[in-house]
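A look at the structure
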Amino acid sequence: MIPQILQVIRPAAGGMLTHLGILLAGLYKAGYDITVACPVEEKMMQCLRDTGVSKLLPLDVGDDVRPWLDPMVVWRFSRFLHRHPFAIIHAHGAKAGLITRLALDYGSKLSYPVVVSYHNEILPISRHPQKRRWRRLMEKHLAKDTSHFIAVSPSIKNELIQYIGCLEERVSFIPNGICLAELDEIGRDDKARENQRSMWGWPKDTNVFVVGTACRFTWEKGIDLLLLAASQAVQAEPSLRFIIIGDGPLAGELKESAKTLGLDDYLHFLGFCDNARNLFPALDAFVLSSRTEGWPLSIMEAMLLGLPVIAPKVGGVPQMIRPGKTGILIEPEDVNGLTEALVYWARNRHRASQLGEAARVYARENFDAEDMISKVETVYQEVLLGSQLQDGGRGD
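Quick look at the structure, then. (Residues numbered from 1 in each chain as written. Predicted model: local features only at pLDDT ≥ 70, side-chain atom pairs only at ≥ 80, totals over all residues. Heavy atoms only, no water.)

Once that is clear, we can look at the overall build of the protein. Along the protein, the regular secondary structure elements total 15 helices and 13 strands. By its C-alpha atoms, the protein is 75 × 45 × 35 Å across when sized along the principal axes. Of the contacts made within the protein by residues no fewer than 6 positions apart, 71% connect residues no fewer than 24 positions apart. Of the accessible surface of the protein, which amounts to about 18200 Å², a share of 51% is contributed by carbon and sulfur atoms. Each charge class in the protein can be summarised by its mean position, and for the 44 positive and 47 negative side chains these summaries are 3 Å apart. (Helix = DSSP H or I, 4+ residues; strand = E, 2+ residues; numbered from the N terminus. Contact = heavy atoms within 4.5 Å. Areas by Shrake-Rupley, 256 points an atom, 1.4 Å probe, with all protein chains shown as cover. Lys, Arg positive; Asp, Glu negative; His and termini not counted. Charge placed at Lys NZ, Arg CZ, Asp CG, Glu CD.)

Turning next to the nonpolar core. Membership of the largest hydrophobic core comes to 73 residues, with the highest contact counts inside it found for V8, F77, L81, L160 and I299. Considering every element that reaches this core, the biggest residue donor is helix 11 (residues 297-304), with 6 residues. With residues up to four places along the chain from it excluded, the contact list for L160 reads Y118, I122, F149, A151, G165, C166 and V171. Counting residues in hydrophobic clusters, the runner-up holds 34 residues, among them A251, A341, L342 and A346. (Core = buried A, V, L, I, M, F, W, Y, C linked by side-chain atoms within 4.5 Å. Buried < 20%, exposed > 50% of the residue type's maximum accessible area, 1.4 Å probe, protein only.)

Turning our attention to helix 2 (residues 42-51). Along helix 2, the residues that are buried comprise M44, M45, C47, L48 and T51. Buried residues in helix 2, looked at end-on, bunch into an arc of 160°, giving them a common side. Counted as exposed and oriented over 90 degrees from the buried face of helix 2: E42, R49 and D50. As for helix 2, its buried residues are in contact with strand 1 (4-9), helix 1 (14-29), strand 2 (33-38) and strand 3 (55-58). Following helix 2 by one or two positions, G52 adopts a phi angle in the positive range, close to 95°. (Arc of directions from axis to C-beta.)

All right, on to the side chain of T100 then. Assignment of secondary structure puts T100 in helix 4 (residues 94-104). The class for T100 is buried, based on a relative accessible area of 0%. Within the structure, the side chain of T100 is placed 2.8 Å from the backbone oxygen of A96, a separation counted as a polar contact. (Polar contact = N/O pair within 3.5 Å; in protein donor to acceptor, adjacent residues only side chain to side chain.)

Before going further, it helps to examine the packing of aromatic side chains. The description of an aromatic ring pair uses the distance of the two centres, along with the angle that the planes make with each other. Enumeration over the complete set of coordinates arrives at 10 aromatic pairs. Grouping aromatic residues by their ring pairs yields a cluster made of F173, W295, Y362 and F367. (Phe/Tyr/Trp six-rings, centres within 6.5 Å; stacked < 30°, edge-to-face > 60°.)

So, on to the sheet that holds strand 5 (residues 114-118). In spatial order, the strands read 3-2-1-4-5-6-7; together these 7 strands make up an open sheet with parallel pairing. The sheet is open, and its two borders are formed by strand 3 and strand 7 (171-173), each paired with just one other strand. On average, each strand axis in the sheet is tilted by 20° relative to the strand beside it, whichever way the strands run. When strand 5 meets strand 6 (residues 148-151), the two strands line up parallel, connected through 4 bridges. Looking at strand 6, one finds that S117 is bridged to I150. Each of strand 1, strand 2 and strand 3 is contacted by helix 2, which is oriented at about 175° to strand 2, the strand it contacts most. (Pairing = 2+ DSSP bridges. Axes fitted to C-alpha atoms, helices over the stretch in contact; angles between N-to-C directions.)

Of all 6 residues in strand 1, 5 are buried; the element is thus mostly enclosed. Note on the crossover from strand 1 through helix 1 to strand 2: the handedness is right-handed. Bridge analysis of strand 1 against strand 4 (residues 88-92) gives 5 bridges, and the strand direction is parallel. Opposite I5, over in strand 4, you have I88 as the bridge partner. (Right-handed = clockwise from strand over helix to strand, strands pointing away.)

A separate point is the sheet that holds strand 12 (residues 309-312). Strand order in this open sheet of 6 strands is 10-9-8-11-12-13, and the pairing throughout is parallel. Edge positions in the open sheet fall to strand 10 (267-271) and strand 13 (327-330), since each of these has one partner strand only. Adjacent strand axes in the sheet meet at a mean angle of 20°, parallel and antiparallel pairs treated alike. Pairing of strand 8 (residues 209-214) with strand 9 (residues 240-245), which is carried by 6 bridges, proceeds in the parallel orientation. The residue bridging V211 from the neighbouring strand is F242, located in strand 9. Against the sheet, helix 9 (residues 223-236) engages strand 8, strand 9, strand 10 and strand 11 (285-287), with an angle of about 165° to strand 9. Docked against the sheet, helix 11 engages strand 8, strand 11 and strand 12, running at close to 160° with respect to strand 12.

Here we come to unusual backbone geometry. Notably, N207 is not glycine yet its phi reads approximately 55°, a positive angle. When you line up the elements, N207 lands in the loop between helix 8 (190-199) and strand 8. N207 sits in the exposed class, given a relative accessible area of 53%. Residue E333 is not a glycine yet carries a positive backbone phi of 60°. In this fold, E333 is placed in the loop between strand 13 and helix 13 (335-347).

A contiguous nonpolar surface patch, about 290 Å² in accessible area, is contributed by M72, W75 and Y106. Within the element layout of this structure, M72 appears in helix 3 (residues 70-83). (Patch = residues over 30% accessible without salt bridge, like charges linked within 9 Å, V, L, I, M, F, W, Y side chains within 5 Å. Salt bridge = Lys/Arg side-chain N within 4 Å of Asp/Glu carboxyl O.)

Written out as structure tokens, the structure is:
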């Protein structure tokens, strides 16, 4: 019998949406009967069309807790789950996990196996202490109704075990993966690279060293830290140039800050770009300045496309980058350390290129999405087996 799996998804964009597309396509291809419960948003709908999944339940999961709306969402979702049983419910993100487990516990309790994937820190320091306490208590309470937990980084796995109190055998570290074949189609054609850099105002004869990043403009992503480092770095090494791809709530503030720091001649904000990775071959290096992270898709894509990476020791990043071999690791929020790394590579371009080639090899050996999909399938099989044994015990 084909297992029916309900995937519950919070609003997603960028790396998480790409990850979900890869996972759902892989599971659908493997023969699972997939239904998706998610917000009806344009990018999400396009993602589902691309995966081949056609069964959809519109569900306004939301990102933050909404005391005035979430109870209605839980009630409606609970009614749906009572009428439509599933072999497994897989919730992606803490909010999706919250809505799912509350819906199963509403009224006459349902005992469907639940898997929850965590893509970001559960108790980030940026959250208000009272909200952190509430979140921890809620997660501890809901853990008993969860069959298995998936953490995309070792630090998130540690949070689940040490702070939430999850049993270690019920927590799996499964990092995100990328589709190698798709990125193989993005070549480092010299002519295309020159044309792209000329469009940015930096033709071949300018001999610039171009560093790029791609992320959502939120406090957690630390673009403000990158701007400070860039303003210091260009004073020491004027050949440096910067490309920032993305958008978000802090876009206006960050652009104004760049002007104030005198970066107009050295930096371009490109806004949101579909498939930002297509621009990566025009870069010399990739940088991430996040305050918190899970397992960043952008780093995997940059490495597979032959770029050395500068990134902080947050989330799963230390497991992704081999210091001195595929990139440079810096301390979180270390503006001076980031400045020094930028200047070093601009002045040691051959070394940066060597690390980029090593990054390409490492990414191909370690970031294949097929491994991620296989590990998720293993979790499903273990959960299904546990559910069958439990049902058998009840039957006796």
